[in-house]
Amino acid sequence: MTQDWRDSVELTEQQSLVRRSVRDLCAEFGDEYWRERDRTATYPTEFVDALADDGWLGMLVPEEYGGVGMSTSEAVVMMEEIAASGGGFAGPQSIHGGIYNSVPIVKYADEGLKADLLPRVADGEARIQAFGLTEPNAGSDSTAMETRAERDGDEYVVNGEKVWISRVEDSDYLLLMARTTPRDEVDKRTRGISMILVDLEEAYGNGLEIERIPKTASRAVHSYQLYFDDLRVPARNLIGEEGEGFYQVLDGLNEERLVIAAECLGLGEVALERGIEYANEREVFSGPIGANQAVQHPLAEAYADLLAAKKVIYSAADRLDDLERTAAGAEANVAKYLAAEAAFEAADAAVQTHGGFGVAREYDVERYFREARLTRLVPVTQQLALNYLGERVLGLPRSY
């Protein structure tokens, strides 16, 4: 049940259409569905297929390639709604890559690759759910990556490791980031990194091995360690210009960070909604526990924080295209920071409101709490978001 307090920002006609459509689709996947996906660590295939069948995985693909041709301002509505419907953070994360990994291809791939791949992404036939960036020895410092892609005729030969790569088994392609020029041979550490599209069906057993990482949060969306051993990829699968991949990632970073913020927001909203419901229904000492200020105030504080985050997210989404990169980065980092903090506080308040039942699976708030803790770490830690603001906005010395 959607509460009036969620309707706190004015939406455009198209945003309203997105919200209604996505809300109707999500209504077919109730709490028990998401609870079971988490309990069994099972990917929500049916949910993702339903979105794909309706064309939502191609929402950022231009209409000329069969996509919907929408933008980040619609994507934030979609992702917030999926999370708030009961999907929590795992719900939107199950399709996040499938939507945003198409963007670098739209912007940088050659016309032949775009004409072949993007229509298949738009109609749900092909999925680019996996993005291979993080490495065991290169977490937040992406430029320290050690995975190499060396040119050999009309192929690249890939060697190295990646870690915490999501949705690999549920993807047809991997968007791989690898060094095509060693770090000690470039004049700037951000150069020499390239973006390469890997056909996963061709790669398995031919130089790529994967291993699932057991985890306690967002269990329905699996993460993997990837091992590359002389994997050969056609050179025609290079996206954009060789050595410029890091800048291609940066180009869409702010939009994607805003969408992550919307996912955090929706997670916080569903957690708060569950807390409100329980506070009104549960009676102790002949009255509802929500009448007690010790229960009421944390929920009200969570609402205030979520409202503030929502205003920032939607304002930034409306204006992002008109801002220069540093200003856009500031808006995106503020949005992600506020939304992750608000989601955690809302989930914590919901668990506390439930008392002992706060850790019972049947009430779901323990799942929201686990996922809310994760949002403080991914896709960027809260501390790195603050570092950006300190250096780029406040003019403080670089700290790393």
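Before reading further, recall that the structure is shown in the block above.
Basis of the calculations
- Residues numbered from 1 in each chain as written.
- Predicted model: local features only at pLDDT ≥ 70, side-chain atom pairs only at ≥ 80, totals over all residues.
- Heavy atoms only, no water.
- Core = buried A, V, L, I, M, F, W, Y, C linked by side-chain atoms within 4.5 Å.
- Buried < 20%, exposed > 50% of the residue type's maximum accessible area, 1.4 Å probe, protein only.
- Contact = heavy atoms within 4.5 Å.
- Phe/Tyr/Trp six-rings, centres within 6.5 Å; stacked < 30°, edge-to-face > 60°.
- Helix = DSSP H or I, 4+ residues; strand = E, 2+ residues; numbered from the N terminus.
- Lys NZ or Arg CZ within 6 Å of the ring centre and 35° of its normal.
- Pairing = 2+ DSSP bridges.
- Expected span 1.5 Å × (residues − 1).
- Axes fitted to C-alpha atoms, helices over the stretch in contact; angles between N-to-C directions.
- Parallel < 35°, antiparallel > 145°, perpendicular 65-115°, else oblique.
- Nonpolar A, V, L, I, M, F, W, Y, C, P; charged D, E, K, R; others polar.

Q: Looking at this structure, I do not really get the nonpolar core. What am I missing?
A: Generally speaking, a soluble globular protein has its nonpolar side chains buried in company with each other. Core analysis: the biggest nonpolar cluster contains 71 residues, and Phe 47, Met 78, Ile 82, Ile 95, Ile 99 and Ile 313 have the highest contact counts within it. Excluding residues that lie within four positions of it along the chain, Met 78 makes contacts with Val 18, Val 22, Leu 51, Trp 56, Met 59, Ile 95 and Ile 99. Listed in part, the 22 residues of the second largest apolar core include Tyr 65, Leu 118, Met 195 and Leu 197.

Q: I would appreciate a short explanation of the packing of aromatic side chains in the present structure.
A: Each pair of aromatic rings is reported with the distance of its centres and the angle of its planes. Counted under the stated rule, the structure contains 9 aromatic pairs. With 5.4 Å between their ring centres and 85° between their planes, Phe 29 and Phe 47 make a pair best called edge-to-face. Placement of the pair is Phe 29 in the loop between helix 1 (13-26) and helix 2 (31-40) and Phe 47 in helix 3 (residues 45-53), with a sequence separation of 18 residues. Accessibility classification places Phe 29 together with Phe 47 in one group, the buried group. Ring centres 6.0 Å apart and planes at 90° place the aromatic pair Phe 246 and Tyr 247 in the edge-to-face group. Each member of the aromatic cluster is reached from another via a ring pair, and the members are Phe 29, Tyr 33, Trp 34 and Phe 47. Over the ring of Tyr 33 we find Arg 37; its NZ or CZ atom is 4.4 Å from the centre of that ring. One Lys or Arg, Arg 151, reaches over the ring of Tyr 156 and ends 5.4 Å from the middle of that ring.

Q: I tried to follow the pairing of strand 2 (residues 148-152) on my own but got confused; where do I start?
A: Across a regular strand the side chains alternate sides, sitting on one face of the sheet and then on the other. Pairing of strand 2 with strand 3 (residues 155-166), which is carried by 5 bridges, proceeds in the antiparallel orientation. Directly across from Ala 149, in strand 3, lies its bridge partner Val 158. Between strand 2 and strand 3, which pair antiparallel one after the other, the connecting turn spans 2 residues, and Gly 153 there sits at a positive phi close to 65°.

Q: Explain the environment of Ala 203 here, please?
A: Within the secondary structure layout, Ala 203 lies in helix 8 (residues 200-203). Along the primary structure Ala 203 and Gly 268 are separated by 65 residues, whereas in three dimensions their C-alpha atoms are 39 Å apart. Apart from the residues lying within four places of it in its own chain, the contact partners of Ala 203 are Val 198, Leu 208 and Leu 231.

Q: Help me understand helix 11 (residues 293-319), please; the structure alone is not making it clear to me.
A: One full turn of an α-helix is made of 3.6 residues, so residues set three or four places apart face in the same direction. For helix 11, with 27 residues, the first-to-last C-alpha span of 39 Å sits near the 39 Å given by 1.5 Å per residue. Buried residues of helix 11: Val 295, Leu 299, Ala 302, Leu 306, Ala 309, Lys 310, Ile 313, Tyr 314, Ala 316 and Ala 317, and no others. Elements in contact with the buried residues of helix 11: helix 1, helix 4 (72-87), helix 10 (253-281) and helix 12 (325-354).

Q: Before we go on, may I ask you to explain the packing of helix 4 against helix 5 (residues 90-100) in this structure?
A: Relative orientation and spacing of two packed helices are given, respectively, by the angle between their axes and the distance between those axes. With their axes 8 Å apart at the nearest point, helix 4 and helix 5 run at an angle of 155° to one another. One finds that helix 4 runs roughly antiparallel with respect to helix 5. Here Thr 72, Ala 75, Met 78, Met 79, Ile 82, Ala 83 and Gly 87 of helix 4 come into contact with helix 5, specifically with Ala 90, Gly 91, Pro 92, Ile 95, His 96, Ile 99 and Tyr 100. Looking at the contact of helix 4 with helix 5 residue by residue, the classes come out as 10 nonpolar, 4 polar and no charged.

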